[in-house]
Amino acid sequence: MIEAVLTEATAAGQGTVTERCDFSRAVLCNGLGQYEEALVAARAAVDYHPRMYLSAWAAVELLKAAIRAGRTAVAEDALHHVLEATVHLPNDAAQGIVARSRALMTTGERADGLYRDAIERLGRSLLRAMSSIVGARRGARWPRRAQSPALA
C-alpha cells in the first residue's frame, strides 16, 4: 500500500504525502527488523522538511534503525535532531522520547536508568501506550544491547 500511495503522490508532486510514506515505511521496516531499509526511508522523511513536526518523529525512527544497523554516526546525527526538536518542550512526552533516544545510544546502568525514566515520563503523558512498548523493547533487547559497547 505504501508503494502504491508513494507512486501516485510522486507523480502528482505531493511531497508531503511522500514524506508520510517514507515515515510509514521507516516504522514498518523497523518493526520488521529491516534496519537498512528503515534507515533509508527515515532519512528521506527527516530530510524532506527538517524543521517540521513529522521530521522529529522520523528522526526517532532513524535513530532506531541506525543503532540496529550499527551506523553510529547516523545515530548520533539522528539523536541531535531529536534533541533539537525537543529542547523547548519540557513536557513528559517529549522528555520521555529524549530519555528513550539517549538510552538507545548507551549501555549498562546508564541505559537502564534512561529506559526507566522514559517509561515513567511516557506513562504520565498522552503517549502512555509507548511506555509499555519501550518497556517491552527494553526487556527484549537488553541482553544484546548490553554486550554492544561499540554503540555506546
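Criteria and cut-off values
- Residues numbered from 1 in each chain as written.
- Predicted model: local features only at pLDDT ≥ 70, side-chain atom pairs only at ≥ 80, totals over all residues.
- Heavy atoms only, no water.
- Helix = DSSP H or I, 4+ residues; strand = E, 2+ residues; numbered from the N terminus.
- Buried < 20%, exposed > 50% of the residue type's maximum accessible area, 1.4 Å probe, protein only.
- Contact = heavy atoms within 4.5 Å.
- Areas by Shrake-Rupley, 256 points an atom, 1.4 Å probe, with all protein chains shown as cover.
- Core = buried A, V, L, I, M, F, W, Y, C linked by side-chain atoms within 4.5 Å.
- Axes fitted to C-alpha atoms, helices over the stretch in contact; angles between N-to-C directions.
- Parallel < 35°, antiparallel > 145°, perpendicular 65-115°, else oblique.
- Left-handed = near helix turned anticlockwise from the far one by under 90°.
- pLDDT = per-residue confidence, 0-100.
- Polar contact = N/O pair within 3.5 Å; in protein donor to acceptor, adjacent residues only side chain to side chain.
- Salt bridge = Lys/Arg side-chain N within 4 Å of Asp/Glu carboxyl O.

Draft legend 1. Structural detail: the overall build of the chain. Secondary structure summary: the chain contains eight helices and zero strands in total. N-terminal to C-terminal, the α/β element order of the chain is α-α-α-α-α-α-α-α. When the 152 residues of the chain are sorted by exposure, 40% land in the buried category. For the chain, contacts bridging at least 24 residues in sequence account for 53% of all contacts bridging at least 6. Accessible area for the chain stands at about 8300 Å²; split by element, carbon and sulfur atoms hold 57% of it.

Draft legend 2. Representation of the nonpolar core. Leu-39, Leu-62, Leu-63, Ile-67, Ala-75 and Met-105 are the most contacted members of the largest nonpolar core, which totals 31 residues. Secondary structure elements with two or more residues in this core: α2 (15-32), α3 (35-48), α4 (53-69), α5 (72-86), α6 (92-104) and α7 (108-123). The leading source of residues in this core is α4, at nine residues. Those residues within four positions of Leu-62 in sequence are excluded, and the remaining contacts are Leu-39, Ala-42, Arg-43, Val-46, Val-74 and Ala-78.

Draft legend 3. Region of the structure containing the packing of α6 against α7. Running from N to C, α6 and α7 cross one another at 160°; their axes reach a closest spacing of 8 Å. The angle between α6 and α7 falls in the class roughly antiparallel. Where α6 crosses over α7, the two elements pack in a sense that is left-handed. Taken together, the residues of α7 that come into contact with α6 (itself represented by Asp-92, Ala-93, Gln-95, Gly-96, Ile-97, Ala-99, Arg-100, Arg-102, Ala-103 and Leu-104) are Ala-111, Leu-114, Tyr-115, Asp-117, Ala-118, Arg-121 and Leu-122.

Draft legend 4. Local environment of the confidence of the model for the chain. For the chain, per-residue confidence averages 84 on the pLDDT scale, and 81% of positions sit at 70 or higher. Per-element confidence in the chain is highest for α5, whose mean pLDDT is 95, and lowest for helix α8 (residues 128-146), whose mean pLDDT is 54. Note on residues 140-152: pLDDT under 50 across the span, and 26 contacts to partners over four residues away in sequence or across chains.

Draft legend 5. Local environment of the environment of Asn-91. Considering the arrangement of structural elements, one finds Asn-91 in the loop between α5 and α6. One polar contact links the side chain of Asn-91 to the main-chain amide nitrogen of Ala-93, over a distance of 3.1 Å.

Draft legend 6. Just the pattern of salt bridges, in detail. Scanning the entire structure with this criterion turns up 10 salt bridges. For Glu-61, the salt bridge is made with Lys-64, and the minimal N-O distance between the two is 3.0 Å. With Glu-61 and Lys-64 both in helix α4 and three residues apart, the pair spans about one turn of that helix. Here Glu-61 falls in the buried class, since its relative accessible area comes to 8%.

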